[in-house]
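Residues per chain are reported as follows:
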Amino acid sequence: MIEDLIKGSQSGERSFKSHQLNVLPDQVSSPVRREVVSRSALGMNTPNNYDEIDVESGKLEEGKEKTVRSSSKRVLRIQNQAMLAGLAYCFSSCSMILVNKYVLSSYNFNAGISLMLYQNFVSVIIVVTLSFLGIITTEPLTWKLIKVWLPVNVIFVGMLITSMFSLKYINVAMVTVLKNVTNVMTAVGEMYLFNKHHDNRVWAALFLMIISAISGGITDLSFHAIGYTWQFINCFLTASYSLTLRRVMDTAKQVTKSGELNEFSMVLLNNTLSLPLGTLLILVFNEVDYLSRTPLLRQPTFWLVMTLSGCLGLAISFTSMWFLHQTGATTYSLVGSLNKIPLSVAGILLFHVPTSLENSASIFFGLLAGVFFARAKMRERTRS
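Residues numbered from 1 in each chain as written. Predicted model: local features only at pLDDT ≥ 70, side-chain atom pairs only at ≥ 80, totals over all residues. Heavy atoms only, no water.

Here's the deal with the overall build of the protein chain
Assigned secondary structure in the protein chain consists of 15 helices and zero strands. For the protein chain, the residues scored as buried account for 45% of the 384 residues in total. In the structure as shown, the protein chain presents an accessible area of about 20100 Å², 66% of it carried by carbon and sulfur atoms. (Helix = DSSP H or I, 4+ residues; strand = E, 2+ residues; numbered from the N terminus. Buried < 20%, exposed > 50% of the residue type's maximum accessible area, 1.4 Å probe, protein only. Areas by Shrake-Rupley, 256 points an atom, 1.4 Å probe, with all protein chains shown as cover.)

So, in structure tokens, the structure goes:
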């Protein structure tokens, strides 16, 4: 499925990404070809001329075959890289949610803020190490940049914490469906804050998302009011993060040394600033008492799983950048929507979630609404 999406999207995106593909053009209008055509038109019919034309035509055909073979190899290599990037992105994003659910539910770990803090700490260590080795480049953290970014980071921390709280009480499939509400809040925010208007297809998809979320909640056999409350707060914070990021990004770029702020810098900035704020929240929610009593922290396998979750969180940032670079925003958004389908199925099967035909239909309906929304946004982006 990913390979078909990549092939389809690349034909539409090739017009603005041809510099990345670097495919050689067909040499039909080469100087040799023009010489052959001009000689034929002028009626140069001497035997020597015919011989010269045949020789040049042979060289031309041979050159064209080499060019076609070289171009085909390049396109095939790019498609293989895009497919690999897509699989890596899907695997890391699915695994991150499933591992978090495993830690919070199967281990019954009741310190979601501490889990978030440890994951961000692992991400900071990895990013700083890669930056020190020169593998990636990051912007230095200055006080000007921190002051500009602090409001975004507060929302970012709230978004991660509420995600942990909701995932503990709600099954993975319903979390993926309820997350669609974020798209509705973001669209409304864009309309009022940025005066951005969406077409009828987008609003129809958003309406289907709301219906699927309501029907999914009504038919959810493992309904938990606390979990649903945290999830809706998470949707609001996620939409707020997206809208605030759009406002702050230009200002943040102005206070950096290079005038840019890449994904790695944002990961380092968000995760570093979240450490003191997360520590404060651990004290406020009194997770220290729980951490001092739980036997889980004395199990090496538990630390291994928590470290894995931190690595997967960072892997999502890396693989999403890689996949976006290999394909484009169109394929990226569509694959992201389709990726929720296997994630929901895996969440139901792995955690033995009790479900009904009505609830399964609501979940599937919500996932299709997400795909429909991605396609509607693609058309809207193409028109604009």
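A word on a positive patch on the surface
A cluster of basic residues, R201, R375, R379 and R383, forms a positive patch at the surface. A per-element tally of the positive patch places helix α15 (residues 357–383) first, with three residues. Relative to the elements of secondary structure, R383 occurs in helix α15. What makes R383 exposed here is its relative accessible area of 61%. (Patch = residues over 30% accessible without salt bridge, like charges linked within 9 Å, V, L, I, M, F, W, Y side chains within 5 Å. Salt bridge = Lys/Arg side-chain N within 4 Å of Asp/Glu carboxyl O. Lys, Arg positive; Asp, Glu negative; His and termini not counted. Charge placed at Lys NZ, Arg CZ, Asp CG, Glu CD.)

Details of the side chain of N120
Here N120 shows up in helix α4 (residues 112–132). What makes N120 buried here is its relative accessible area of 5%. The contact partners of N120, leaving out residues within four places of it in the chain, are F156, L160, N271, S274 and L275. (Contact = heavy atoms within 4.5 Å.)

Let's talk about helix α7 (residues 180–193)
Since one α-helical turn is 3.6 residues long, residues separated by three or four positions face the same way. Compared with the 20 Å implied by 1.5 Å per residue over 14 residues, the 20 Å span of α7 between its first and last C-alpha is a close match. For α7, the complete set of buried residues consists of N180, V181, T182, V184, T186, A187, G189 and E190. In this structure, the buried residues of α7 make contact with α6 (172–178), α8 (200–218), α9 (225–254), α14 (340–350) and α15. Backbone geometry just after α7 places N195 at a positive phi near 55 degrees. (Expected span 1.5 Å × (residues − 1).)

Points about the state of the cysteines
This structure, assessed with the given rule, holds zero disulfides. Counting only cysteine sulfurs, C94 is the nearest neighbor of C90, a cysteine outside any disulfide, at a range of 6.4 Å. With relative accessibility at 11%, the residue C90 sits in the buried group. (Disulfide = S-S within 2.5 Å.)

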